Every structure is written in C-alpha cells, then in structure tokens.
Amino acid sequence: MQFTVAIDGPAAAGKGTLSRAVAEKFGFAHLDTGALYRAVGVKAEAEGLDPVAAARSLTPADLARADLRTLAAGQAASKVAVIPEVRQALLDYQRDFARRAGGAVLDGRDIGTVICPTAEVKLFVTASAEVRAHRRWLELGGDEAQVLAEVRARDERDMNRADAPLKPAEDAVQIDTSDMSIEAAVAAACDLIAKAM
Ligand code: C5P
C-alpha cells in the first residue's frame, strides 16, 4: 500500500509530535524533512562547505549529529533552504521516502505543495508565533523574547522565499494548535487519515 500524509507548517507548530504520533498509530514510516535542512546548514558551517556541496554529500552520519535541534541549527537550516540547488539535491530522497510501501508521513514546509502534491492527506499545522516561541523556549530554555524573535525571523524567511515558500496547499486541512492539546490535534489528524484510507 502507498499512502502519503503531508504535514506542513511553521516552526514549533507541533508538526513533529503530530507526525510521530500519526506514524505510530498507522504503522507508517516518518521523515522529518526539517532535519535534512538542519543537517545541511550545520554541515556546511562546521566543515566550511558550500551548502549545495553539503546537500549533495549528505550522509546518515550528518543526520545523526547531536547539534541539529538547536536554535542556531534552525537558523542555519532556513538560510540554506532558500537555495534552489539545495532543495533540488534533497528532492529525490524525500519523494522516494514518500512512495515506500506501507505508508509514509513527511513533515516540513513544502511537502503538500512541492514534494508530494498528490499526497492522500495534507495537513497544515499552525499556532500563533507567541505560543510556538513559548513551546520552543520550554524545550530549549534561554531568553524567551529572543526565541520569539528567532521564530519570527524564521517564519519571515520561510514564507517569503521564491522557491517552495511555506504556505498551505489548496487542498490542505488546517489545524490551529494554539488552544488545542496535542492529544486533540492527534485525534483530529487520525480521524482525517482514517476517513481517507
Ligand atoms: O522543521 P524544522 O524547524 O526542523 O525546519 C528547519 C528549517 O528547514 C525551516 O525553518 C525551513 O527553512 C527549512 N525547511 C524547508 N523545507 C522543509 C523542511 C524544512 O525549507 N520541507
């Protein structure tokens, strides 16, 4: 069976938690595509590589780095993510993953619009910038005002880039998690998927 669930949305909207829960519930494989861009950004900076060369030479070891979840890695990711050749270098891997037998959940920014435009289910998960910054701050600590500024800077870059900007696919179902528990969001997503299967 091929069945693809595309989950897009801005930073810290709850995509990761939602994707993992959905994948577990339906026995689908899960790909966090943000981790690919984070690995490219961090690898390029750490090894002084051109981001396109870093994307083309990405290995499983790069994806297993311990420093991919930091705020700095998120910023580095969104900077390399504006480069069309970087996005191109990561395209086939993501599409192959989406087509694997047994079903797949991919989360990111352009899954429903560019990577998997024919996904059986498309979700666009949002929350206010303040709520998202608060969640990131609970996870990472530091100065909450700075976390909010970084979330806003990343939103700005992700929504306004020319290639594959962050935006809901026309046929995506939007889930706003600002005032919703993760359990309620997971239940809503599972309901939609079960109906589409
Ligand atoms: O989802 P995450 O916060 O890990 O993504 C890090 C950055 O990678 C995003 O801010 C975005 O710039 C980029 N990204 C992207 N397309 C994706 C996934 C992530 O451009 N499908």
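Residues numbered from 1 in each chain as written. Predicted model: local features only at pLDDT ≥ 70, side-chain atom pairs only at ≥ 80, totals over all residues. Heavy atoms only, no water.

Naming follows an unreviewed UniProt entry, where the protein appears as Cytidylate kinase of Rhodobacter aestuarii. Taken verbatim from the UniProt record of the protein, the Sequence similarities (unreviewed entry) comment is "Belongs to the cytidylate kinase family. Type 1 subfamily." (UniProt positions renumbered as here; feature names shortened; annotations may be inferred.)

Caption draft 1: Expanded view of the overall build of the protein. Secondary structure assignment for the protein yields ten helices and five strands. In terms of C-alpha radius of gyration, the protein reaches 16 Å, essentially the compact-globule figure of 16 Å for 197 residues. Out of the 197 residues belonging to the protein, those deemed buried represent 49%. Of the contacts made within the protein by residues no fewer than 6 positions apart, 76% connect residues no fewer than 24 positions apart. (Helix = DSSP H or I, 4+ residues; strand = E, 2+ residues; numbered from the N terminus. Rg over C-alpha atoms; globule rule 2.2 N^0.38 Å. Buried < 20%, exposed > 50% of the residue type's maximum accessible area, 1.4 Å probe, protein only. Contact = heavy atoms within 4.5 Å.)

Caption draft 2: View of the UniProt feature "domain: Cytidylate kinase" (unreviewed entry) in the protein. Using the residue numbers shown here, the UniProt feature "domain: Cytidylate kinase" (unreviewed entry) corresponds to residues 5–193. Secondary structure within residues 5–193 divides into 57% helix and 12% strand; the distance between the first and last C-alpha atoms comes to 8 Å.

Caption draft 3: How the structure looks around the sheet that holds strand 3 (residues 104–108). Strand order in this open sheet of five strands is 2-3-1-4-5, and the pairing throughout is parallel. The two strands at the open ends of the sheet, each matched to only one other strand, are strand 2 (29–32) and strand 5 (173–176). Ignoring which end each strand starts from, the neighbouring axes of this sheet average 20 degrees apart. Alignment of strand 1 (residues 4–8) against strand 3, held across five bridges, turns out to be parallel. Directly across from I7, in strand 3, lies its bridge partner D107. Helix-sheet contacts for helix 2 (residues 33–47) involve strand 2 and strand 3, and the interaxial angle to strand 2 is about 40 degrees. (Pairing = 2+ DSSP bridges. Axes fitted to C-alpha atoms, helices over the stretch in contact; angles between N-to-C directions.)

Caption draft 4: Structural context of the layout of surface pockets. For the largest pocket, the calculated volume is near 630 Å³. Around the largest pocket, the lining is made up of 34 residues, and of these A12, K15, G16, R69 and R136 lie nearest the centre. Taken together, the elements giving at least two residues each to the lining of the largest pocket come down to helix 1 (15–26), helix 2, helix 5 (71–80), strand 3, helix 8 (129–140), helix 9 (144–160) and helix 10 (182–196). Examining the composition of the lining of the largest pocket, we find that five residues originate from one element, helix 2, more than from any other. For the lining of the largest pocket, the class distribution of residues is ten nonpolar, nine polar and 15 charged. Size it by volume and the second largest pocket reaches roughly 180 Å³. Q2, F3, T4, R95, A98, R99, I115, C116, P117, T118, A119 and E120 together form the lining of the second largest pocket. For the lining of the second largest pocket, the class distribution of residues is six nonpolar, three polar and three charged. (1 Å grid on protein atoms, 1.4 Å probe; cavity = no way out; pocket = protein on both sides within 12 Å on 5 of 7 lines; lining within 4 Å. Points joined across faces, edges and corners; volume = space filled by probe spheres on them. Nonpolar A, V, L, I, M, F, W, Y, C, P; charged D, E, K, R; others polar.)

Caption draft 5: Region of interest: the state of the cysteines. For the structure shown, the criterion picks out zero disulfides. Considering cysteine sulfurs only, C190 is the nearest to C116, which forms no disulfide, with 19 Å between them. (Disulfide = S-S within 2.5 Å.)

Caption draft 6: Up close: the site of the ligand. Around the ligand lies a shell of 16 residues, among which R38, R87, D110, R154 and D158 are the nearest. Contacts to the ligand include R38, whose side-chain N or O atom sits 2.6 Å from an oxygen atom. Of all the cavities here, the one that holds the ligand is the largest pocket. A total of four residues in the shell around the ligand trace back to one element, the largest contributor, which is helix 2. (Near = heavy atom within 4 Å. Polar contact = N/O pair within 3.5 Å; in protein donor to acceptor, adjacent residues only side chain to side chain. Sits in = over half its atoms within 2 Å of the grid points.)

Caption draft 7: Summary view of the UniProt feature "binding site: ATP" (unreviewed entry) in the protein. This chain's UniProt record puts "binding site: ATP" (unreviewed entry) on G9, P10, A11, A12, A13, G14, K15, G16 and T17. Those annotated residues that line the largest pocket are A11, A12, A13, G14, K15, G16 and T17. Looking at where K15 falls in the secondary structure, it is placed in helix 1. There is a polar contact of 3.1 Å between the side chain of K15 and the backbone oxygen of G9. Tracing the chain through its elements places G16 in helix 1. Since its relative accessible area comes to 21%, G16 is described here as partly exposed. When sequence neighbours within four positions are dropped, the list of residues in contact with G16 reads H30 and D107.

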